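Understanding the architecture of this molecule
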Amino acid sequence: MNANLPAQARIVIVGGGAVGCGVAHALAEAGFADILLLERANDVGEVTTSQGAGLCGQPRDSVERVKLAMRSVAIFRELQRDPDVKPDWHEVGSVRVALSEKRAQEFHHLKKIADEAGLETALIDQTEASRRWPLMDFTQTKAILWCASDGYMTPRCVVKAYQHRSSKLGVRFATSVAVEGIICQDGRVTAVKTDRGTVACELVINAAGAHAHHIAKLVGLDLPIVPVRHEYYITVPMDGLTPDLPCFRIPELTLYGRVRDQGLLLGGWEPNSLHTDPREYGLSTTPPDIKPDWPVLDSFTEKILPFFPTAKSAGVKTVGKGWPTFTPDGRFIIGESSRVKGFVMAGGCNAHGISGSAGIGSLLVQSLRDRNPSDYVKSLSPDRFTETSWTWADASRQAKAVYETYYGV
Ligand SMILES: Cc1cc2nc3c(=O)[nH]c(=O)nc-3n(C[C@H](O)[C@H](O)[C@H](O)COP(=O)(O)OP(=O)(O)OC[C@H]3O[C@@H](n4cnc5c(N)ncnc54)[C@H](O)[C@@H]3O)c2cc1C
């Protein structure tokens, strides 16, 4: 839809990345009607989502977070069955490698949580791991956690699959439309103002990624949504790298990877991360440009060499980079603000907004529908930041720490 905007819609979603499109899909599947998604770029999934590495890992440190990721996998699997538009979901499994006894203990703990959540995982030996990833050297490892239902997708395909399915369910998508204001009356949202006209609505869902802070500001809410730089590279095609090889994570080296286009996709969490303050760019501008940081990217290569020696000689074909957003407590921000009725958050993705997208959508539905949502859903409310006092200095420091300890024990 690129001609005239409708004069009204019951629900307006701002932002067509993985989160906005995942939310549109979840709402439509749950029977919500009259939904309009507004995206400023000329297509959905063009901003942070297009840069995603596409990994989806389910073993996490709490039952709720495991279930959220499991929900996403269930939806990716279902969308993959669509005859026309697929998320390019590859359920290849994942190996997570421990290099110390302390980390091995953590894997036992992760396995216990996975068991409790109903996620199948197994601790496998080096022989089994080598059978699954023949080019990887596992001799230094102390434990290996295998999750058969983990995998990877193509982020742009995921948003297209959400769009395809939710359009069939009646969701309208309008691209090249920038939201510029939100009108409220008596503490309640009544309309959004865009560069193409005003749309009256009852609910505005803020899924604007690195601009979610600015969209919240339009209704007077200050939310600590901190963009932190993240990068990976993809090598030129290498012998033996086939698309069925599992994803891998080596938490002690803060590395993750998978095969992409027959090359090695290798990413990592930096110990001295670089963040940007969302107050330093505006709603109509973008966060600073990112140039590939070769010392950081080369450090990933140095770290992987004992496990994958051929990485040294492989040329780099592409660098993925962007500003995923982090929150000071490492949790998503999901749900309606009690301060501004009808203003609903879906952001602060802590760098798993694509793998988490369907789960985020499902939690958002719960938050809107259940009179008494679960404690987990309540813990994600934007109120935890708008009804307490905090400072940007602390919030940025904590959000950076969440990034830097992404694989912390
Ligand atoms: C290098 C890298 C690797 C990553 N790897 C993974 C991974 O393997 N797995 C994973 O799950 N996650 C990964 N992530 C994180 C993931 O990319 C993000 O969590 C996710 O894309 C966030 O989605 P989003 O929809 O919130 O943001 P975005 O994709 O940025 O979407 C927000 C949208 O809002 C739109 N918008 C903003 N302002 C307005 C406005 N005023 N009006 C209308 N529209 C507006 C923007 O144009 C944009 O399209 C990675 C990120 C990076 C940078």
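Residues numbered from 1 in each chain as written. Predicted model: local features only at pLDDT ≥ 70, side-chain atom pairs only at ≥ 80, totals over all residues. Heavy atoms only, no water.

Some thoughts on the site of the ligand
Taken together, 39 residues form the shell around the ligand, and within it Glu39, Thr48, Thr49, Gly353 and Ser355 come nearest. The separation between an oxygen atom of the ligand and a polar side-chain atom of Thr48 is 2.6 Å. Within the backbone of Val179, a nitrogen or oxygen atom sits 2.9 Å from a nitrogen atom of the ligand. About the coverage of the ligand: the protein hides 96% of its 1000 Å² of free accessible area. Looking at the shell around the ligand residue by residue, the class counts come to 20 nonpolar, 16 polar and 3 charged. (Near = heavy atom within 4 Å. Polar contact = N/O pair within 3.5 Å; in protein donor to acceptor, adjacent residues only side chain to side chain. Areas by Shrake-Rupley, 256 points an atom, 1.4 Å probe, with all protein chains shown as cover. Nonpolar A, V, L, I, M, F, W, Y, C, P; charged D, E, K, R; others polar.)

Points about the pairing of strand 11 (residues 197–200)
Summarising the sheet, strand 10 (residues 188–194) and strand 11 pair through 4 bridges and their orientation is antiparallel. Residue pairing in the sheet places Thr194 in a bridge with Gly197 of strand 11. Hairpin connection from strand 10 to strand 11: 2 residues lie between these consecutive antiparallel strands. (Pairing = 2+ DSSP bridges. Helix = DSSP H or I, 4+ residues; strand = E, 2+ residues; numbered from the N terminus.)

Focus: the nonpolar core
Core analysis: the biggest nonpolar cluster contains 45 residues, and Ile11, Ile13, Val23, Leu27, Tyr162, Ile205 and Leu364 have the highest contact counts within it. Top contributing element to this core by residue count: helix 1 (residues 18–29), with 8 residues. Residue contacts for Tyr162: discarding those within four places in its chain leaves Ala18, Cys21, Gly22, His25, Ile75, Phe76, Leu79, Ser357 and Ala358. Listed in part, the 30 residues of the second largest apolar core include Val97, Phe138, Tyr233 and Ile304. (Core = buried A, V, L, I, M, F, W, Y, C linked by side-chain atoms within 4.5 Å. Buried < 20%, exposed > 50% of the residue type's maximum accessible area, 1.4 Å probe, protein only. Contact = heavy atoms within 4.5 Å.)

Re the environment of Ile183
Looking at the element boundaries, Ile183 is found in strand 9 (residues 179–185). Taking the C-alpha atoms as reference points, Ile183 and Tyr406, separated by 223 residues in sequence, lie 38 Å from one another. Once residues lying within four places of it in the same chain are set aside, the contact partners of Ile183 are Arg188, Val189, Thr190, Ala191, Lys193 and Thr198.

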